[in-house]
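The chain contents come next:
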Amino acid sequence: MNHLGFKISKMKIGSFDFTCCEGCQLQLANKESTLPDFLGLLDIRNFREISSERHDDYDVALVEGSITRSDEIERLKAIRAQASVLVAFGSCACFGGVNSLKNKIPAEEAVKGVYGDKKIDTMPSTKISDIVTVDFMIPGCPVSKDEVERVVIGIVTRSLDTLPKYPVCVDCKQRLNTCLFDLGEVCLGPVTKAGCDAVCPSGKTPCLGCRGPADDINFPSFLQLVKDKGLSQDDMREKLTFYNGFADYLDHES
Amino acid sequence: MKVDFNIDIHHLPRVEGHGNIHISVKDGKLADATWEVIETPRFFEMMLRGVSAERASFLTSRICGICSISHSLASIRALERAMEIEPPKAAKAIRLLAMHGETLQSHALHLFFLAAPDFLDMPSIVPILHSHPEIVKAGLLLKELGNEMSIATTGRATHPVSLVLGGVSKAPSKQQLKELKEMIIKRRTALVISTDFFRTLSIPEFVRETEFISLRNGHDYPFIGGDLVSTDGVVRDENDYLQMTNEYLCDFSTSKFTRLSRQSSAAGALARFNNNSRLLGHRAHEIAASFGLEPICHNPFMNNIAQLVECHHIFENAEMLIESLLDDDLQEIRTTYKPKAGAATGAVEAPRGILYHHMETDDDGKVVKADCIIPTTQNNANIHYDLKALAAEAVKEGKTDRETEKLCVMLVRSYDPCISCSVH
């Protein structure tokens, strides 16, 4: 393959899932119109969900899911040892994701509630950067295939771009949406990292912050905005804790 | 010759989630066969406690990356029934179209990415892109059409945005609906190519009689709500889901098992077909007959064909739904409601079979108790006992370890299991 006259080689990739819904990996098979070209950039060495061929000589590892069981720690460390580039893929890998909602109750109580007296190995959900070094994060629930394509092309052509630094509101305004705050809803658009094309507010549902905080957000000002508008604090808290992306900010507040 | 062999497949590839197959043959006889689900549990029922009814479906959709729309709608239906909210007619049609999109996408993913490589002796779809480019192209056109239906009706393909309690938060534009209709008409060719391709594949002959469970409402081929029925003659109200599932724990699986009148039961496209075939569209009927698919079919490998038949039904029914939405002004799409205490079940036919969510709310509309019973959970026992029967038959017929292994993995894949969903 040639790019701007330079020879480039296919990316030897492995895709791995831990505790998750596998919806982010599924995005790799979406956007069907560009799929054959996209697959043409990849040398898929290990991707259990779509291929029965498995090799351990990948350079780039996409890791989906959070860590909730001890055997997952060893598996993740082995992937880290092999991969030159490890990408946290989706909100569960990046922040712990919705799985973190189970952390509000003790693990033993969760087991008892679902399995009764059966012994089940589980621990509080953690993001993967708590266990290994992460080279790049693609947040989102699910990840956006457009963004994944940009990142993959960036890695293959050695021109890796960064994600947007600004919040979802910027994209949302460009789509000429009515602000959900004006419709009486708490929306996390002002504090969440853009790059999703404001898909939720464009569908008239509030942003729940799946992409985590934008760079240099003014969090106290956001809290003040919700107060000034007289909107529900409970509702705001439910949204801010949904994907665990704002944990650092909430810890700081309390 | 008396043979001895073991088959141990750790993390079976080309299925959603993590499951293992163990088969042991001693002295030319099957000693044991196990379907072991080892997925990490996420405890969604516990996460749901205290979540607002409004937000619950946004959480449950994350149970599954492939059938997120079904999970969202099962929760919404349970909560709407619990709080006595009646969604507007147009919203119901939009939701059904969303289900069609998801089912088409999921069936195309399964048929082409997960199942087809076995029939062609390939490890994945990637080499098939080169050996049968026109077939893969047809499959991708079907999958894309499914995704486009979901995007138009819910905002995106995975994890719906605009499915909300009381209806939908945003209706597709007339322009989107017209484009979708044109896309369906144009892609009929892709469906014909796909159907012709599946005619060339040889579906293994294997029968183990079982009980098929699905929804039935008497007027549509079922996708949302209705009676709970089985091919053994059981009929129950939607709220009596626990009597249909009878979940129990077994030591080799993190997924629970279920049963009704027999040792195990099956859900999915074949179960829907076996209970509702007369409600299929005209074309879907013809296709089923042309494949020799008749109710009650007990060959699990025919689930692949039942999925294909459903793709034909979706093409017909989606076009009708779009027509009805084009005739509507789409102004009434969301009913306002006051949160209240209540309890109810919402059952929908997810791509892989009947899905139950049961929700209880308090006066503020917060979820106090939730229960989700997933199609693959209901299939795991059937897969387990099918594996034993199939492996025993293969060994008796003198098949080698490789031949036995291939049949067994194909069997599991025929159920299109969604394992992380089944453990949730």
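These figures come from a predicted structure and were not determined experimentally.

## Considerations on the overall build of chain A
(1) Moving on: Of the regular secondary structure elements, chain A holds 11 helices and seven strands.
(2) Moving on: In terms of C-alpha radius of gyration, chain A reaches 20 Å, essentially the compact-globule figure of 18 Å for 254 residues.
(3) Moving on: With the C-alpha coordinates of chain A rotated into their principal frame, the extents come out at 55 × 55 × 30 Å.
(4) Moving on: Every one of the 254 residues in chain A was classed for burial, and the buried ones make up 47%.
(5) Moving on: For chain A, restricting intrachain contacts to residue pairs at least 6 apart in sequence, the fraction spanning at least 24 positions comes to 74%.

## Let's talk about the sheet that holds strand β10 (residues 342-350) of chain B
Residue and element names in this part refer to chain B.
(1) Moving on: Spatially, three strands are ordered β10-β11-β12 in an open sheet, and the strand pairing comes out antiparallel. The two strands at the open ends of the sheet, each matched to only one other strand, are β10 and β12 (367-373). Direction aside, the axes of adjacent strands within the sheet are offset by 15 degrees on average.
(2) Moving on: Across the sheet, helix α13 (residues 375-396) is in contact with β10, β11 (353-361) and β12; its angle to β11 comes to roughly 130 degrees.

## Some remarks on the domain arrangement of chain B
Residues and elements named next belong to chain B.
(1) Moving on: Domains assigned within chain B are domain 1 (5-37) and domain 2 (44-423).
(2) Moving on: Summarising the inter-unit geometry, the C-alpha centres of domain 1 and domain 2 are found 26 Å apart.
(3) Moving on: If you look at the interface, domain 1 gives 21 residues, while domain 2 gives 28 residues.
(4) Moving on: Looking at the side of domain 1 that touches domain 2, the elements that each hand over two or more residues are β1 (5-9), β2 (19-26) and β3 (29-37).
(5) Moving on: Across the side of domain 1 that touches domain 2, the residue classes tally to 12 nonpolar, five polar and four charged.

## Things to note about the confidence of the model for chain B
(1) Moving on: Counting all residues, the mean pLDDT for chain B is 96, and 100% of those residues have values of 70 or more.
(2) Moving on: For this predicted complex, the interface score ipTM comes out at 0.96, alongside a pTM of 0.96.

## A word on the nonpolar core
(1) Moving on: If you look at the biggest cluster of nonpolar residues, it comprises 201 residues, and the most contacted ones within it are Ala61 and Val63 of chain A together with Val309 of chain B.
(2) Moving on: Here the element with the most residues in this core is helix α4 (residues 89-119) of chain B; it accounts for 16 residues.
(3) Moving on: Among residues more than four places away in sequence, those in contact with alanine 61 of chain A are Gly14, Phe16, Ile79, Ala83, Leu86 and Val87 of chain A.

## Comments concerning the domain arrangement of chain A
All names here are of chain A.
(1) Moving on: Annotation of chain A at the domain level lists domain 1 (2-156) and domain 2 (168-253).
(2) Moving on: Taking only C-alpha atoms into account, the centre of domain 1 sits 25 Å from that of domain 2.
(3) Moving on: Of the residues lining the interface, 12 residues belong to domain 1; the matching set on domain 2 comes to 10 residues.
(4) Moving on: Take the side of domain 1 that touches domain 2: its biggest share by element is three residues, from helix α4 (residues 91-95).
(5) Moving on: Residues that form the side of domain 1 that touches domain 2 fall into these classes: five nonpolar, six polar and one charged.

## Details of unusual backbone geometry
(1) Moving on: At the junction of cysteine 141 of chain A and proline 142 of chain A, the peptide bond is cis and its omega measures out at 0 degrees in the coordinates.
(2) Moving on: Among the secondary structure elements, proline 142 of chain A is positioned in the loop between β7 (136-138) and α6 (145-156).
(3) Moving on: Residue proline 295 of chain B is joined to isoleucine 296 of chain B through a cis peptide bond whose omega torsion reads -5 degrees.
(4) Moving on: Looking at the secondary structure, you find isoleucine 296 of chain B in the loop between α11 (282-290) and α12 (303-326).
(5) Moving on: Although it is not a glycine, phenylalanine 43 of chain B adopts a positive phi angle of roughly 70 degrees.
(6) Moving on: Position of phenylalanine 43 of chain B among the secondary structure elements: in the loop between β3 and α1 (44-48).
(7) Moving on: Of note, the phi angle at aspartate 416 of chain B is positive, near 55 degrees, even though the residue is not glycine.
(8) Moving on: Residue placement: aspartate 416 of chain B occurs in the loop between α14 (401-414) and α15 (419-423).

## With respect to the sheet that holds β3 of chain B
Residue and element names in this part refer to chain B.
(1) Moving on: Spatially, the three strands line up as an open sheet ordered β1-β2-β3, and their pairing is antiparallel. Strands with a single pairing partner mark the edges of an open sheet, and in this sheet they are β1 and β3. Across the sheet, the axes of successive neighbouring strands diverge by a mean angle of 5 degrees, strand direction being ignored.
(2) Moving on: Alignment of β2 against β3, held across eight bridges, turns out to be antiparallel. If you follow histidine 22 over to β3, its bridge partner there is threonine 34.
(3) Moving on: Of the strands in this sheet, β2 and β3 touch α13, which is tilted by about 155 degrees from β3.
(4) Moving on: On top of the sheet, α14 reaches β1, β2 and β3; it is set at about 35 degrees to β1, its chief contact.

## Examining the packing of helix α7 (residues 174-186) of chain B against α12 of chain B
Residue and element names in this part refer to chain B.
(1) Moving on: Direction vectors running N to C along α7 and α12 enclose 155 degrees, while the axes themselves pass 10 Å from each other. Here α7 lies roughly antiparallel to α12, going by the angle between them. α7 and α12 meet at a crossing whose hand is left-handed. Contacts between α7 and α12 involve Lys174, Leu177, Leu180, Lys181 and Ile184 from the first element and Phe315, Ala318, Glu319, Ile322, Leu325 and Leu326 from the second.
(2) Moving on: Of the residues that constitute the contact of α7 with α12, the class distribution is eight nonpolar, no polar and three charged.

## Looking at the environment of lysine 399 of chain B
Residue and element names in this part refer to chain B.
(1) Moving on: Its location among the elements puts lysine 399 in the loop between α13 and α14.
(2) Moving on: Lysine 399 sits in the partly exposed class, given 16 other C-beta atoms within 10 Å.
(3) Moving on: Taking the C-alpha atoms as reference, lysine 399 lies 46 Å from threonine 345; in sequence the two are 54 residues apart.
(4) Moving on: Excluding residues that lie within four positions of it along the chain, lysine 399 makes contacts with Ala394 and Thr404.

## Observations concerning the interface of chain B and chain A
(1) Moving on: Across the contact, 46 residues belong to chain B and 46 residues belong to chain A.
(2) Moving on: Where the side of chain B that touches chain A is concerned, the elements lending two or more residues are α1, α2 (53-60), α4, α5 (125-131) and α6 (133-154) of chain B.
(3) Moving on: The biggest single contributor to the side of chain B that touches chain A is α6 of chain B, with four residues.

## Topic: helix α3 (residues 68-82) of chain B
Residues and elements named next belong to chain B.
(1) Moving on: Compared with the 21 Å implied by 1.5 Å per residue over 15 residues, the 21 Å span of α3 between its first and last C-alpha is a close match.
(2) Moving on: α3 sits mainly inside the fold: 14 of its 15 residues count as buried.
(3) Moving on: Of the residues one or two after α3, glutamate 84 is the one with positive phi, at around 50 degrees.

## Here's the deal with the environment of alanine 31 of chain B
Residues and elements named next belong to chain B.
(1) Moving on: Among the secondary structure elements, alanine 31 is positioned in strand β3.
(2) Moving on: Taking the C-alpha atoms as reference points, alanine 31 and serine 202, separated by 171 residues in sequence, lie 29 Å from one another.
(3) Moving on: With residues up to four places along the chain from it excluded, the contact list for alanine 31 reads Ser24, Val25 and Lys26.

So, how was this worked out
- Residues numbered from 1 in each chain as written.
- Chains lettered and ligands numbered in written order.
- Predicted model: local features only at pLDDT ≥ 70, side-chain atom pairs only at ≥ 80, totals over all residues.
- Helix = DSSP H or I, 4+ residues; strand = E, 2+ residues; numbered from the N terminus.
- Rg over C-alpha atoms; globule rule 2.2 N^0.38 Å.
- Buried ≥ 20, exposed ≤ 12 C-beta atoms within 10 Å, placed from the backbone.
- Contact = placed C-beta atoms within 7 Å.
- Pairing = 2+ DSSP bridges.
- Axes fitted to C-alpha atoms, helices over the stretch in contact; angles between N-to-C directions.
- Domains from an automatic or database assignment.
- Nonpolar A, V, L, I, M, F, W, Y, C, P; charged D, E, K, R; others polar.
- pLDDT = per-residue confidence, 0-100.
- Core = buried A, V, L, I, M, F, W, Y, C linked by C-beta atoms within 7 Å.
- Parallel < 35°, antiparallel > 145°, perpendicular 65-115°, else oblique.
- Left-handed = near helix turned anticlockwise from the far one by under 90°.
- Expected span 1.5 Å × (residues − 1).

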